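Reading the structure
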Amino acid sequence: MTVAELKHDEKGCAMETAHISSARESRVVIDLVVNGERVIEEIEPNMLLLHFLRDKLKLFGAKESCGEGECGACTVLMNGYAVTSCLVLAIEANGAEILTVEGLSKGNELSILQQEFVFQDALQCGFCTPGMLMSARGLLDKNPDPTDEEIREAMAGNLCRCTGYLQIFDAVKRAAEREREEREE
Amino acid sequence: MLSQFDYVKPLVLDEALAALAKEDDSYVLAGGTDLLIMLRHNLINARHIIDIKGIPELNELCFIENEGLTIGANVVVNALVDSELVKNKYKALHDAASCLASFQLRNRATLVGNICNASPGADLPPALLIYDAVVKIASVDGVREVPLVEFFTGVKKTVLSDEELVISVFLPDPGENDSSCYMRQTRLKGHDLSTVGVACRLDGEGKVSVAIGAVATTPLRLTALEAEINQRGISEETILWASNAINDHIKPISDVRASEAYRRHMASVLLKRCLVTLTGKEV
Ligand SMILES: Cc1cc2nc3c(=O)[nH]c(=O)nc-3n(C[C@@H](O)[C@@H](O)[C@H](O)COP(=O)(O)OP(=O)(O)OC[C@H]3O[C@@H](n4cnc5c(N)ncnc54)[C@H](O)[C@@H]3O)c2cc1C
Ligand code: FES
Ligand code: FES
């Protein structure tokens, strides 16, 4: 009797099923979706996803700070899961769906989550903000009604040297409430 | 910028095993949370990267009653945190998974990668050791099984040869009335390995098992200590005795994370806390 199966579903980070291979020093073509748009680009296999987004696609939202998974400034969603893009190879994102902070707003209209960061004063210098927003987005997409502890846990991998975190917590909590209200309407 | 390598993502296991056997300087890539850091610091000379995440048979996370739990090489740590079964049957593993790194890292990091990396301070090995975990290993020559207690051979060293790949880790069904917990001391939650991590189990027959990380070159299962605890029988006195005696069974060092003396002290404190939690005794 099987009573437990892999929870991370087909689109989960653990299952990325497109075959791809490359020779050393040779370039390889990756095919993925970034912020809803299909992107086909030639890269080198040793390129990081973070550098692919910033240098190739000129999406400067994800930031490089520690480069080692410690600070969360480079967080993006990969197939719906928050990941630190400094620890992912661009080639690993072949076939994946990537969402960066640039994909949150509709044109100039900020999303509810972004609005709450503004309303709650959840940023000062703003360097950590794209990563914070993406960790929060990853949480709320999977869990629209998180407990306080779940919010803290989901955001624990994002460091901020300015705000003291309380306003960030409030922004996520309030955004969750507003998103739920909007859905009920 | 990382040094150059080629990359292959096989969709079947045999292809991955053939690739590993073919070239020297080949490295398996799972979540990459250790491997990419080693590449970044040029600690390894990886010429060939074999990404195993396209191989569906390594995705297995499956429990069979009276047999046990199989955790495939692609199962990420957050899948263990999300699993009610792991929480109910293997509480120490759930505790350890929940405190590993940050949420983003747990979405990528695999349990199998955590043991293959063989860091003495890794959080998952102690929780696996108290459940008599067995590691299933494959190469072009076939499959072998190695108990996790024999898997670690030193700091960042395991019994794996260059041509071998871990398919899964198996934990026997602990049965009814089994309880366990994992407690760790760390400098900073979400950003550091443990300074000391202790896993304890009280099985259905009242027997205690203890394993500990970050106090020797490998994670340790403390069988001699367990035997004496079980011989004395669990009581307030035994708990106090064991929390001192644990120091005869560990060889911690002083490093950036803590001094030897602090590690010894915390090993004692954490063992006491674990045993108090599991037995309900007051000490
Ligand atoms: C910021 C940060 C914080 C961290 N905090 C913690 C913490 O609190 N506690 C903790 O325990 N760990 C911590 N870690 C380490 C933890 O993320 C890793 O140990 C992780 O579990 C490794 O899994 P992976 O899938 O990312 O492995 P990878 O990086 O892909 O691989 C790790 C090693 O194992 C080999 N390997 C992987 N899979 C296999 C396989 N199936 N067969 C053979 N070899 C294989 C690889 O070749 C590589 O040498 C932290 C890491 C970072 C970057
Ligand atoms: S830059 Fe990626 S986590 Fe810090
Ligand atoms: S607002 Fe400056 S780092 Fe967070």
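Cut-offs used in this document
Residues numbered from 1 in each chain as written. Chains lettered and ligands numbered in written order. Predicted model: local features only at pLDDT ≥ 70, side-chain atom pairs only at ≥ 80, totals over all residues. Heavy atoms only, no water. Helix = DSSP H or I, 4+ residues; strand = E, 2+ residues; numbered from the N terminus. Rg over C-alpha atoms; globule rule 2.2 N^0.38 Å. Buried < 20%, exposed > 50% of the residue type's maximum accessible area, 1.4 Å probe, protein only. Contact = heavy atoms within 4.5 Å. Areas by Shrake-Rupley, 256 points an atom, 1.4 Å probe, with all protein chains shown as cover. Lys, Arg positive; Asp, Glu negative; His and termini not counted. Charge placed at Lys NZ, Arg CZ, Asp CG, Glu CD. Buried area = accessible area lost by both parts, 1.4 Å probe. Salt bridge = Lys/Arg side-chain N within 4 Å of Asp/Glu carboxyl O. Polar contact = N/O pair within 3.5 Å; in protein donor to acceptor, adjacent residues only side chain to side chain. Nonpolar A, V, L, I, M, F, W, Y, C, P; charged D, E, K, R; others polar. Pairing = 2+ DSSP bridges. Near = heavy atom within 4 Å. pLDDT = per-residue confidence, 0-100. Phe/Tyr/Trp six-rings, centres within 6.5 Å; stacked < 30°, edge-to-face > 60°. Lys NZ or Arg CZ within 6 Å of the ring centre and 35° of its normal.

Of the regular secondary structure elements, chain B holds twelve helices and 14 strands. Here the C-alpha radius of gyration of chain B, 19 Å, is about what a compact globule of 283 residues would show, namely 19 Å. Here the C-alpha coordinates of chain B stretch approximately 60 × 45 × 30 Å along the principal axes. The 283 residues of chain B split such that 58% are buried. Look at the contacts in chain B between residues 6 or more apart in sequence, and 60% of them connect residues 24 or more apart. When the accessible area of chain B is evaluated, it comes to approximately 11,300 Å², of which 49% is carbon and sulfur surface. Side chains of chain B carry 28 positive and 37 negative charges; the gap between the two charge centres is 8 Å.

Another aspect to go through is the overall build of chain A. Secondary structure assignment for chain A yields five helices and six strands. In chain A, the succession of α and β elements from N to C terminus is β-β-β-α-β-β-β-α-α-α-α. Burial status across chain A gives 52% buried among its 185 residues. A fraction of 56% describes how many contacts in chain A between residues 6 or more apart in sequence connect residues 24 or more apart. For chain A, the accessible area works out to roughly 8,600 Å², and carbon and sulfur atoms hold 48% of it.

Another point: helix α4 (residues 148-155) of chain A. Within α4(A), burial applies to I151(A), E153(A), A154(A) and M155(A). Of the surrounding elements, those touching the buried residues of α4(A) are α3 (129-142) and α5 (166-184) of chain A together with α5 (91-99) and α6 (103-106) of chain B.

Here we come to helix α2 (residues 112-119) of chain A. Side chains three or four residues apart in an α-helix point the same way, a direct result of the helix having 3.6 residues per turn. Residues and elements named next belong to chain A. Turning to α2, its buried residues number three or more, namely I112, L113, Q114, E116 and F117. Of the surrounding elements, those touching the buried residues of α2 are α3 and α5. Immediately downstream of α2, the backbone of D121 shows phi near 55°, a positive value.

For the rest of this paragraph, the subject is the interface of chain B and chain A. Contact with chain B, which involves 48 residues of that partner, is made by 51 residues of chain A. Counting each side, the surface lost to burial between chain B and chain A is near 4,200 Å², with a carbon and sulfur contribution of 54%. If you look at where chain B meets chain A, you find five salt bridges. Measuring nitrogen to oxygen at the nearest pair gives 3.2 Å for the salt bridge that ties R40(B) to E68(A). Linking chain B with chain A are eleven residue pairs in polar contact (both at pLDDT 80 or more). At the level of secondary structure, the elements contributing two or more residues to the side of chain B that touches chain A comprise β1 (6-9), α2 (35-40), β4 (61-64), α3 (77-81) and α6 of chain B. Taken together, the residues that form the side of chain B that touches chain A break down as 21 nonpolar, 15 polar and twelve charged. Note that strand β1 (residues 20-22) of chain A and β1(B) share three bridges and pair antiparallel. Opposite I20(A), over in β1(B), you have K9(B) as the bridge partner.

Secondary-structure assignment places E23(B) in the loop between α1 (13-22) and β2 (26-29). Measuring from C-alpha to C-alpha, the distance between E23(B) and D162(B) comes to 9.4 Å, with 139 residues separating the pair along the chain.

This part takes up the site of ligand 1. For ligand 1, the set of nearby residues contains 34 residues, the closest of which are V28(B), T33(B), D34(B), T110(B) and D123(B). With respect to ligand 1, the chains having nearby residues are chains A and B. One nitrogen or oxygen atom from the main chain of V166(B) is found 2.9 Å from a nitrogen atom belonging to ligand 1. In the environment of ligand 1, an oxygen atom lies 3.1 Å from a nitrogen or oxygen atom belonging to the side chain of R184(B). Within the complex, the protein chains bury 94% of what would otherwise be the 1,000 Å² of accessible surface of ligand 1. Examining the composition of the shell around ligand 1, we find that five residues originate from one element, helix α7 (residues 111-117) of chain B, more than from any other. Along the lines of polarity and charge, the residues of the shell around ligand 1 split into 20 nonpolar, eight polar and six charged.

Okay, the confidence of the model for chain A next. When the pLDDT values of chain A are averaged, the result is 90; 89% of them are 70 or greater. Scored below 50 in pLDDT, residues 1-16 of chain A makes 52 contacts in the model with residues more than four places away or belonging to other chains.

What follows deals with the packing of aromatic side chains. As enumerated under the stated definition, the model contains three aromatic pairs over all chains in all. Between Y90(B) and Y131(B) the ring centres are 5.0 Å apart and the planes differ by 75°, which places this aromatic pair in the edge-to-face class. Taken together, the residues Y90(B) in the loop between α4 (84-89) and α5 and Y131(B) in the loop between α8 (124-129) and β6 (134-139) connect sequence positions 41 residues apart. Summarising the aromatic geometry, the rings of F151(B) and F152(B) are spaced 5.5 Å apart at their centres and angled 85° between planes, so their arrangement reads as edge-to-face. Overall, the relative accessible area of 9% leaves F152(B) in the buried class. Joined through ring pairs, the aromatic side chains of F63(B), Y90(B) and Y131(B) make up one cluster. For R152(A), the ring lying beneath its charged end belongs to F169(A), and the centroid distance is 4.7 Å.

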